[in-house]
Amino acid sequence: MSAALRPVPRPGVLDIEAYVPGKSAAPAGVKLHKLSSNETPLGPSPAAVAAVREGAAALELYPDGTAAALRRAIAGKYGLDPERIVCGAGSDELLSLLSYAYLGPGEEGLYSQYGFLVYRIAILAAGGTPVVAPEQDHTADVDAILAAVSPRTRIVYLANPNNPTGTYLPFDEVRRLHAGLPGNVLLVLDAAYAEYVRRNDYAAGLELVAESENVVMTRTFSKAYGLAALRIGWMVGPPAVVDAVNRIRGPFNVSAAAIAAGAAAMADDGHIAAAVAHNEAWLPKVTQALTDLGLPVTPSVGNFVLIHFPDAPGRSAAEADAFLTARGLILRRVGAYGLPNALRMTIGSAEANEAVIAALTEFVKERAHA
Ligand SMILES: Cc1ncc(COP(=O)(O)O)c(C=O)c1O
């Protein structure tokens, strides 16, 4: 065996910076408030927990590879054809499968400047070339995205609302984006935070999916549904795209626990209403309190806020992060998004939100007199 010969990953793989999940540890003896992954402080629906417990009696059996019960529950809630739905191990899996199915070497996948980082990973992992369109005011810019389209573009990812910025595009802008794309370009509308959006001009994209051959919407059970641990996402799209994704996905990509819990959670409208009401109460309060401290907050429609810190010694995002972490308040550094002077905070429980506001009040006062 020659030492000089070894397996080499495909071009692009080693260009990927592995995704770094939000931190989840606090110093010993300090109560942890994890506000780093946009999880809900309300937890999952009790019906979902009961479904997982019940499923524990049959762990030796493979799940239904078509996730039919879950697709039926989703289709029932949204008035969709279950045949147009594919479920995945989180929407992350579906975002990747779409690049695997539609992108090849020399072809381009497009996303916007502060767009969710998984898009870049999905594009590179599929052997494609990432192309980034600049944003305006931390918001996707339709004209810039359309200007970045080339004859090699095959897929465009748009998180609406976007993580980590919390900004969104009104639906007429999404329509304008779609209208400007060639028919052979797949538009992926990632609506992971759709449940939280309270804006009359917002739509997650179902109408556009229904009337187009090149639009897919992805959704997740990880955020408002409180089921991140189970990894459940779904997509709805035209039959040809659904067929392509079904050919390349793992035959049992969604676990039995996920299928049962997801279907039960879909039926619990009250739980989602409570999660949304909690966010609606706290998002403006947190935004206002931090703004009053002199920390600019990007206006968010999601369950998180992007907080901007001065690029000044003693008052930086890195120092604020260390200050908060010491108090058990775990926010998210977003340097990997090109936002080294910001932290992303998930809207947490009342206790967690108040603790962050109190700690940042202390941080700002202390550092102002330093
Ligand atoms: C915009 C966006 N899309 C997709 C996801 C992936 O969620 P999941 O794979 O848990 O469904 C996230 C999670 O952070 C997200 O912020």
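Further up the page is the structure itself.
In this report, the structure presented in the accompanying data block is examined. Bear in mind the structure is a predicted one, so any value in this text is a computation, not a measurement. (Residues numbered from 1 in each chain as written. Predicted model: local features only at pLDDT ≥ 70, side-chain atom pairs only at ≥ 80, totals over all residues. Heavy atoms only, no water.)

A few points about the pairing of strand 8 (residues 233-236)
Residues of strand 8 alternate between two faces, with G233 and M235 on one and W234 and V236 on the opposite face, all of them buried. Direction of pairing for strand 7 (residues 215-220) relative to strand 8: antiparallel, over a ladder of 4 bridges. Counted as the bridge partner of M217 is V236 from strand 8. (Buried < 20%, exposed > 50% of the residue type's maximum accessible area, 1.4 Å probe, protein only. Helix = DSSP H or I, 4+ residues; strand = E, 2+ residues; numbered from the N terminus. Pairing = 2+ DSSP bridges.)

A few points about helix 4 (residues 118-125)
Since there are 3.6 residues in each turn of an α-helix, residues three or four apart along the chain are aligned in direction. Most of helix 4 sits out of view: 6 of its 8 residues are buried. The complete set of buried residues in helix 4 reads V118, Y119, A122, I123, L124 and A125. Those residues of helix 4 that are buried lie in contact with helix 3 (90-102), strand 3 (108-112), strand 4 (129-133), strand 5 (153-159) and strand 6 (186-190). Where helix 4 terminates, the next one or two residues include G127, which has phi positive at roughly 90 degrees. (Contact = heavy atoms within 4.5 Å.)

A closer look at the pattern of salt bridges
Tallying each qualifying case throughout the model produces 14 salt bridges. Note that R152 is salt-bridged to E108, the shortest N-O span being 3.0 Å. Here the residue R152 occupies a position in the loop between helix 5 (142-148) and strand 5, and E108 occupies one in strand 3, the gap between them amounting to 44 residues. Under the relative-accessibility criterion, R152 is labelled partly exposed at 42%. Using a relative accessible area of 10% as the deciding quantity, one classes E108 as buried. One network of salt bridges, in which partners are shared, links D143, E173 and R176. (Salt bridge = Lys/Arg side-chain N within 4 Å of Asp/Glu carboxyl O.)

Some words on the sheet that holds strand 9 (residues 297-298)
Pairing between the strands of a sheet comes from backbone hydrogen bonds, and it takes one of two forms, parallel or antiparallel. Across the sheet, which stays open at both edges, the 4 strands sit in the order 9-10-13-12 with antiparallel pairing between neighbours. The open sheet has two edge strands, strand 9 and strand 12 (332-334), and neither has a second partner. Judged from the 5 bridges that link them, strand 10 (residues 304-308) and strand 13 (residues 339-346) form a sheet pairing that is antiparallel. Residue pairing in the sheet places F304 in a bridge with T346 of strand 13. This element, helix 10 (residues 269-292), spans strand 9, strand 10 and strand 13 of the sheet and lies at about 5 degrees to strand 10. In the packing of helix 11 (residues 317-326) onto the sheet, contacts are made with strand 12 and strand 13, and the angle to strand 13 comes to roughly 35 degrees. (Axes fitted to C-alpha atoms, helices over the stretch in contact; angles between N-to-C directions.)

No statement about biological role is implied by the geometric values presented.
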